[in-house]
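Chains, contacts and geometry: an overview
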Amino acid sequence: MPEQQGSRLQQLDAAHHLHPFTDSQALHRKGARVIDRGEGVYLWDADGNRILDGMAGLWCVNLGYGREELIQAAERQLRQLPYYNLFFQTTHPRATELAATLAGLLPGDMQHVFFTGSGSECNDTVVRMVRHYWAVQGRPERKVIISRHNAYHGSTLAGASLGGMKPMHAQGGLPLPDIVHIDQPYHFGEGQGQDPHAFGLERARQLERKILELGPERVAAFIAEPIQGAGGVIIPPDSYWPEIQRICRQYDILLVVDEVICGFGRTGHWFACEHYGLEPDLMCMAKGITSGYMPLGAVAVGPRVAGGLIDGGEFFHGFTYSGHPVACAVALANIAVMRDEKIVERVHTDTGPYLQQRWASLADHPLVGETRGLGLVAALELVADKSDNRRFPGERGAGVICREHCFGLGLVMRAVGDTMIISPPLVISRAEIDELVDKARRALDLTY
Ligand code: PLP
């Protein structure tokens with residue numbers, strides 16, 4: 001794309017486009033970064049610069065850019081049936097095939113899925129579904145859903161309420177009623193000096209205390225990401241999840257796992273539930289289900305909740321684009337490629353461990369207080385003083401500075417405050433991992 005056209009686009013963009021999660025004043029000063037095309041793990045901006053996409057878009061382009069199998073699947077479906085819905089006793093072949101394919105992949109004994117168009121819509125669906133389930137059981141007072149501070153579950157009213165992002169809650173008076181939050185298992189940020197095992201147990205037992213405080217008879221469900229993504233790739237201590245599972249079982253609270261980021265191979269398993277040995281009652285998927293080529297989400301439901309929903313007759317809920325046929329066709333092609341090329345196995349045994357080993361080598365940098373990760377997702381913590389892991393004062397914006405140096409060097413790495421995070425396409429090669437880690441180190445040097 002000629003450079004002139006790039007700046008023309010920036011002008012049009014500033015004049016007419018309100019962006020999600022963007023500081024509009026900064027955008028007007030600098031102009032949006034125009035991303036023009038992609039191939040494999042690389043993007044090209046409007047000035048022709050090649051950029052390694054260390055975030056797979058927004059944690060979703062798992063098969064990388066330009067996969068013919070997905071493109072052709074979309075084209076075929078557009079010609080055969082570009083749209084039909086799943087309402088009022090109707091289905092279409094791709095939704096049914098995808099539901100059956102997912103049933104073969106899902107952890108435990110989950111056999112049913114409800115399609116949506118996004119991760120946020122999945123979490124809205126969860127709120128309505130679990131309350132409806134309990135009402136069908138004759139327990140309509142079981143309405144409260146417990147989530148965690150600094151969780152991310154989307155941007156709709158229910159998604160943002162389940163999420164625990166303070167700036168989101170501050171805009172618009174969230175959370176909605178009957179959604180409450182407990183602390184996150186963020187050892188580096190909130191448990192310095194404590195034994196990680198004891199810290200994990202203590203954070204999990206906050207759930208038990210909250211259930212007892214509210215009264216178990218009022219609590220419908222607990223929802224969490226296996227690894228908090230947007231909150232800063234927060235990997236809980238090993239003691240955390242088994243204790244959460246025990247508490248949910250003991251008090252008969254439904255466990256909802258949001259796998260919107262972790263699902264479809266990110267951690268070296270089809271779902272992170274398998275890594276943590278979790279048996280959720282409901283599970284949310286989106287993003288990697290189509291490698292981001294089309295918008296699609298799905299809520300998987302275990303036999304207990306599925307049985308209750310079926311007994312309950314009509315569930316007055318659904319979206320025009322629930323299980324859009326083109327999105328379902330792309331998801332089927334995406335899963336077929338992942339199986340044929342053994343992508344999940346490769347992340348588990350080869351590229352995941354390789355990335356983690358190379359990423360850990362950054363721990364010797366004077367700015368790095370901790371590195372952590374699993375599979376092909378990782379984070380590092382920027383600190384002002386390594387001896388006591390003291391943070392930079394907020395106004396320094398070390399994370400943003402580092403992120404901008406990354407862009408300058410041709411790498412997308414995201415900053416969550418002073419936590420730098422990566423989540424590259426799952427097809428990344430060892431040589432590309434070397435490039436990613438080398439560029440990250442150079443960006444750290446420039447930030448120092
Ligand atoms: N849940 C999690 C864990 C997410 O990370 C996200 C998005 O990043 C969502 C839900 C919301 O998904 P969407 O942006 O597709 O609505």
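Not measured: the values here are computed from a predicted model.

Digging into the overall build of the protein
Looking only at helices and strands, the protein has 17 helices and 15 strands in total. The C-alpha atoms of the protein give a radius of gyration of 22 Å, which matches the 22 Å a tight globule of 448 residues would have. Expressed along its principal axes, the backbone C-alpha trace of the protein runs to roughly 60 × 60 × 45 Å. Taken across its 448 residues, the protein has 48% of its residues classed as buried. In the protein, 72% of the contacts between residues at least 6 apart in sequence involve partners at least 24 apart.

A word on the site of the ligand
Lining the immediate surroundings of the ligand are 15 residues, of which Ser118, Gly119, Ser120, Gly154 and Val260 lie closest. At 3 residues, the largest contribution of residues to the shell around the ligand is made by helix H6 (residues 119–136). Looking at the shell around the ligand residue by residue, the classes come out as 6 nonpolar, 7 polar and 2 charged.

Concerning the domain arrangement of the protein
You can read the domains of the protein as domain 1 (33–66 + 342–447) and domain 2 (70–340). Taking only C-alpha atoms, the centre of domain 1 and the centre of domain 2 are 26 Å apart. Taken together, the 28 residues of domain 1 in the interface contact 25 residues of domain 2. At the level of secondary structure, the elements contributing two or more residues to the side of domain 1 that touches domain 2 comprise helix H3 (56–59), helix H15 (343–360), strand S11 (368–374), strand S12 (377–382) and strand S15 (419–422). A per-class count over the side of domain 1 that touches domain 2 returns 15 nonpolar, 10 polar and 3 charged.

Describing unusual backbone geometry
The step from Leu174 to Pro175 runs through a cis peptide bond, and the omega angle for that step is 0°. On the secondary structure map, Pro175 appears in the loop between helix H8 (166–170) and strand S6 (179–182). If you check the backbone angles, Asn150 has positive phi at about 70° while not being a glycine. Inspection of the secondary structure assignment puts Asn150 in the loop between strand S5 (144–148) and helix H7 (157–162).

A word on helix H5 (residues 93–105)
Counted at 1.5 Å a residue, the expected span for H5 with its 13 residues is 18 Å, and the 19 Å between its end C-alpha atoms agrees. Buried residues belonging to H5 abut helix H4 (68–80), strand S4 (112–116), strand S10 (297–301) and helix H14 (325–340).

Side note on the packing of H6 against helix H13 (residues 303–311)
Between H6 and H13, the shortest axis-to-axis distance is 9 Å and the interhelical angle comes to 70°. The angle between the axes of H6 and H13 places the two elements in the roughly perpendicular class. Judged by the sense of rotation from one axis to the other, the crossing of H6 with H13 is left-handed. Between H6, through Met129, Tyr133 and Val136, and H13, the contact on the second element is made entirely by Val305, Gly308, Leu309 and Asp311.

A word on the pairing of S5
Of all the 5 residues making up S5, 5 are buried; the element is thus mostly covered by neighbouring parts of the structure. Burial of S5 is two-sided: the residues Val144, Ile146 and Arg148 facing one way and the residues Ile145 and Ser147 facing the other way are all buried. Two strands pair when backbone bridges link them, and S5 and strand S7 (residues 219–224) are joined in this way by 3 bridges, in the parallel orientation. Note that in S7 the partner of Ile145 across the bridge is Ala221. Both S5 and S6 contribute to a ladder of 4 bridges, which runs parallel. Residue pairing for S6: Ile146 is matched across the bridge by Val180.

A closer look at the sheet that holds strand S13 (residues 411–412)
Spatially, the 4 strands line up as an open sheet ordered S1-S2-S3-S13, and their pairing is mixed. The open sheet has two edge strands with one neighbour each: strand S1 (35–39) and S13. As judged from the 2 bridges shared by strand S3 (residues 50–53) and S13, these two strands associate in the parallel manner. Paired with Asp53 across the strands is Val412, a residue of S13.

Focus: the nonpolar core
Among the nonpolar cores identified, the biggest contains 131 residues, and Val299, Ala300 and Val330 are the most heavily contacted of them. Among the elements that take part in this core, H14 stands out by supplying 10 residues, more than any other. Of the residues that make up this core, three or more belong to each of domain 1 (33–66 + 342–447) and domain 2 (70–340). In this structure, Val299 is in contact with Val113, Phe114, Thr116, Cys122, Thr125, Val126, Met129, Leu282 and Cys284, ignoring residues within four places of it in sequence.

Some thoughts on the sheet that holds S6
Taken in spatial order, the 7 strands line up as S4-S10-S9-S8-S7-S5-S6 in an open sheet, and their pairing is mixed. Strands at the two margins of the open sheet, each flanked by one partner only, are S4 and S6. Direction aside, neighbouring strands of the sheet carry axes that sit 20° apart on average. Running over the sheet, H6 touches S4, S5, S7, strand S8 (254–258), strand S9 (282–285) and S10 and is turned about 30° from S10.

Calculation criteria
- Residues numbered from 1 in each chain as written.
- Predicted model: local features only at pLDDT ≥ 70, side-chain atom pairs only at ≥ 80, totals over all residues.
- Helix = DSSP H or I, 4+ residues; strand = E, 2+ residues; numbered from the N terminus.
- Rg over C-alpha atoms; globule rule 2.2 N^0.38 Å.
- Buried ≥ 20, exposed ≤ 12 C-beta atoms within 10 Å, placed from the backbone.
- Contact = placed C-beta atoms within 7 Å.
- Near = placed C-beta within 6 Å.
- Nonpolar A, V, L, I, M, F, W, Y, C, P; charged D, E, K, R; others polar.
- Domains from an automatic or database assignment.
- Expected span 1.5 Å × (residues − 1).
- Axes fitted to C-alpha atoms, helices over the stretch in contact; angles between N-to-C directions.
- Parallel < 35°, antiparallel > 145°, perpendicular 65-115°, else oblique.
- Left-handed = near helix turned anticlockwise from the far one by under 90°.
- Pairing = 2+ DSSP bridges.
- Core = buried A, V, L, I, M, F, W, Y, C linked by C-beta atoms within 7 Å.

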